[in-house]
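# Observations on the model geometry
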Amino acid sequence: MYIEDRLKKETLKAVQELYSTTIDSKLIQVNSTRKDQKGDFTVVVFPLLRYSKKKPEETGEEIGNFLKENLDSICSYEVVKGFLNLTLSFSYWINILNRINSEENYGFTPVSDDSPLMMIEYSSPNTNKPLHLGHIRNNLLGFSLSRIAKANGLKVVKTNIVNDRGIHICKSMLAWKKWGNGETPKSSGKKGDHLVGDYYVKFDKEYKNELAQLQKEGMSKEESEKSSSLMAEAREMLLKWEAEDKEVVDIWKMMNQWVYDGFDATYKKLGVDFDKIYFESQTWSVGKEMVIDGLNKGVFYRRDDNSVWVDLSSEGLDEKLLLRSDGTSVYMTQDIGTARLRFDDYPIDKMVYVVGNEQDYHFKVLSIILDKLGFSWGKDLVHFSYGMVELPDGKMKSREGTVVDADDLMEEMVKTAREMSSESGKLQGYSTVEAEKIYEMVALGALKYFMLKVDPRKTMTFNPHDSIDFNGNTGPFIQYTHARIKSVFRKAIDKGLEWSGSAPDGVEFNKKEHDLIRTLDEFRHVVKEAITSYSPAIIANYAYDLAKEYNQFYHDSPILFEENSDIRNLRLSLCKATGDTIRRCMWLLGADVPERM
RNA sequence: AGCCUCAUAGUUCAAGGGAUAGAACGGAAGUUUCCUAAACUUCAGAUCCAGGUUCGAGUCCUGGUGGGGCUACCA
C-alpha cells in the first residue's frame, strides 16, 4: 500500500477517534504538497471542520499529531492556514527511490491473460489526399493512447479504417483517366498518395471551370451543378465500380495501391502502426445488411421514397439517414458494418474511436444505434474526440493551399534538427547513418511532443512560420536531459566511479534532490491518470516537469565530482531513475530518446 | 435559429473545487578553466463580462459577449 492510501486511512481514523464521528472518505483530501511549501503530503482540513467544530489550525494540529504518532514515515508536520503539511523521513524517500530503480517497469501494470481488450481506431484516412497536420494529431494521439493503455495493463488492438470507396475516390480516378496520360508514381517520381491527391485537386479545378462556364451561359448555380458532365461521369463511375466493372475496378485497385504505398511511408516515418486494417470497400455491405436487419426488427423505418431512417427524437436528437433512396450506403451505414466485423473478429471490451470533435454528433448517434440494434458494447463506446489543428489565420483549407502536408513537415523538421546538431557538434565520431538517425529522432520527438502536450480536447494552433521549437518546453529538451544522464554514466565508467546500484540508507539529501524524488514518485499516478482521462498531454507535461526538475538538480549538485561516495550513489540513483522515467514517458508518447545529441 | 464546445501574460500552452495562477517562446539582464549551455539564474507581464453556489472559484451554476464545430440522400 502506498503512503497516500495509508494517510487517508489514518486520517479517517483520526477523525473517528478525535471527534467521534465516521465521515465519508471522500471528504479526505491528500495532495502532494506544493513545492514552495515545506512538506511532502498535505491533508486539507477545511472539509473536516464541520466535524471537529474547531478552528482550522487547531484541527490540523490535532490530526497532524495523531498521524505522526501512528505513522513511522512521518517525521514532522506543520499547519499553514487550513493545510496540514506532512514531512516524511529521508529513509522513506530513499526506499521509494530504490524501489523505482529495482522494479522492471516502474509505474506500468503488466498485461495478463485476463486483461480487458481495448480496440483503438485511429488515422482513418481518405485515399484521395495525402496526410496533413490534422492526421498527424490523430495518428499521434491514437498511437500514444495505445501505449498508455498497454502500460495500464490492457490488451490493445490498433486498428485503421481506410475510406477507399465512394464518389470522392471516383473523382481522382476520373481525373487521372482523362488527363493523366498514364502517369504513375514511378514515371513522375511522386509519392503515390501525393500523385493521387493531385488528381483529386485537378478534378475539383476542372469541375469549377465547368460550372463557371455553364453559369456564364446563363444557368443558375443549382442548374449548372445538375447538368455538369464531369460530375455525371464521376457518378457513372461509382455505379460501374459497384457493379464491379473490370476496367474501373482495375484503375481503383492500382491507384489505391499507390496511395497505400505512400501512406505506409508516412506512417513508418511517423513511427505508428496498426494491428488490423479494415477497408470500407469490405465493410459497407455488412452495414447495409445490418440496416435491413434493423428494419425488420422495427428499429428503423422506411420512407415512401425508399430511404431508410432512424428516429432518435426520443433521445433528444433528430432523424438520421441510414440508406439512401437508391439503396446506397452512407457514412453511418459503414460505421455500423465496421463495428460488426470488428466485434466478430475480436473479444473487444472497450472500443475507442480517435476521431475529431467535428464528429461528436455522429458518434453520439452511432452509439445509440448500436445499442438499439442490441449490441451491449454500443452504449459505452468511447469517442476520443480531439480538437482541430488551426493555423494562425484560421482553418487549413486545401483549396487555398494552406494545408500543412505531413511529409513536408517532417522533412523540414529533420532539416532543422540537422542544422542545430551540427552547430553544437556533439555528434562528432558518429557515422553519417548514426547521426541521421538521431536527427530524425530529435525532429520527431519535437513534433510528437508539440502535438501531444496540448490537452487533446482543445483546438490547437500551429504556426508554420515559427515552426516547432527545439528549446524550452519541447521534446528535444526532454531528450537532451536523457542524453545528459547517459553521458554521466559513460563518464562514471571512464572515471572508475561506477554506480553501486542503489541509494544507501541513512544518507540525507538537499531540497533539489528531495523535489526530484517526489516528482519521480508521482509517475505511477500520472500513468493511471493518462488512461482514465484519455490524455497523453498528462504524460507530456509530467515529462517536462521531471526534466526541468532534473536539470536544476544537475546544475546545483556535483555528481561525479562529489567526494562522498554515499551522496554520489544517491545522486547516481536519481540520475538512473530520472533517465528511465523519461524514457518511459517518451515511449508512452511514441517517441524515442537518444544516448547522445 | 437550435445544439455542442472553447475563452488564462504580446504569443503558444499548464493548473485533480484548495495556499502567492505555473511554464515556454518573444523582451531585458546574467551564468561555462567543472559531469552535454538544446542547459541554468534573475526581471517585467494574464484568468472575456455580470451575477450566484462555497470556508475557498481560472475550475461548478445562470445570463451575456466573442471564436470554433455540428444540425447534408458528403465522407
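The rules behind these values
- Residues numbered from 1 in each chain as written.
- Chains lettered and ligands numbered in written order.
- Predicted model: local features only at pLDDT ≥ 70, side-chain atom pairs only at ≥ 80, totals over all residues.
- Heavy atoms only, no water.
- Domains from an automatic or database assignment.
- Contact = heavy atoms within 4.5 Å.
- Salt bridge = Lys/Arg side-chain N within 4 Å of Asp/Glu carboxyl O.
- Polar contact = N/O pair within 3.5 Å; in protein donor to acceptor, adjacent residues only side chain to side chain.
- Patch = residues over 30% accessible without salt bridge, like charges linked within 9 Å, V, L, I, M, F, W, Y side chains within 5 Å.
- Areas by Shrake-Rupley, 256 points an atom, 1.4 Å probe, with all protein chains shown as cover.
- Lys, Arg positive; Asp, Glu negative; His and termini not counted.
- Charge placed at Lys NZ, Arg CZ, Asp CG, Glu CD.
- Helix = DSSP H or I, 4+ residues; strand = E, 2+ residues; numbered from the N terminus.
- Buried < 20%, exposed > 50% of the residue type's maximum accessible area, 1.4 Å probe, protein only.
- Near = heavy atom within 4 Å.
- Nonpolar A, V, L, I, M, F, W, Y, C, P; charged D, E, K, R; others polar.

Our next topic: the domain arrangement of chain A. Here the domain parsing of chain A yields domain 1 (3–88), domain 2 (122–390) and domain 3 (445–588). A C-alpha centroid distance of 41 Å is found between domain 2 and domain 3. Opposite the 26 residues of domain 2 that make contact, domain 3 presents 22 residues. On the surface where domain 2 and domain 3 come into contact, there are zero salt bridges. Applying the counting rule to domain 2 against domain 3 returns eleven residue pairs in polar contact (both at pLDDT 80 or more).

So, on to a negative patch on the surface. Judged by side-chain charge, D408, E412, E419 and E423 come together as a negatively charged surface patch. With respect to the element layout, E419 can be found in helix α15 (residues 406–424). Among the residues examined, E419 registers a relative accessible area of 45% and is labelled partly exposed.

Taken as a whole and assessed by the stated rule, the structure comprises 33 salt bridges. The residue D407 makes a salt bridge to K191 at a minimum N-O spacing of 2.8 Å. Linking D407 in helix α15 with K191 in the loop between α7 (185–188) and α8 (192–216), this pair joins segments that are 216 residues apart in sequence. Note that K269 and E411 form a salt bridge whose closest N and O atoms lie 3.4 Å from each other. Here the residue K269 occupies a position in helix α11 (residues 246–270), and E411 occupies one in helix α15, the gap between them amounting to 142 residues. Classification of K269 by relative accessible area gives partly exposed; the value is 28%.

So, on to the protein's contact with RNA strand B. Close contacts around RNA strand B come from 66 residues, with N163, D305, K426, Y480 and R484 the closest. Counting only atoms of RNA strand B within 4 Å of the protein, the sugar-phosphate share comes to 64%. The side chain of N551 places a nitrogen or oxygen atom 3.5 Å from a sugar or linking oxygen of RNA strand B. At 3.1 Å from a phosphate oxygen of RNA strand B is found a side-chain nitrogen or oxygen belonging to Q552. Breaking the surface near RNA strand B down by element, the ones donating at least two residues are β1 (30–32), β2 (41–44), β4 (83–88), α13 (331–345), α15, β14 (460–461), α17 (475–495) and α20 (536–556). Counting residues per element, the surface near RNA strand B draws most heavily on α17, which supplies seven residues. The residue inventory of the surface near RNA strand B, partitioned by class, reads 26 nonpolar, 22 polar and 18 charged.

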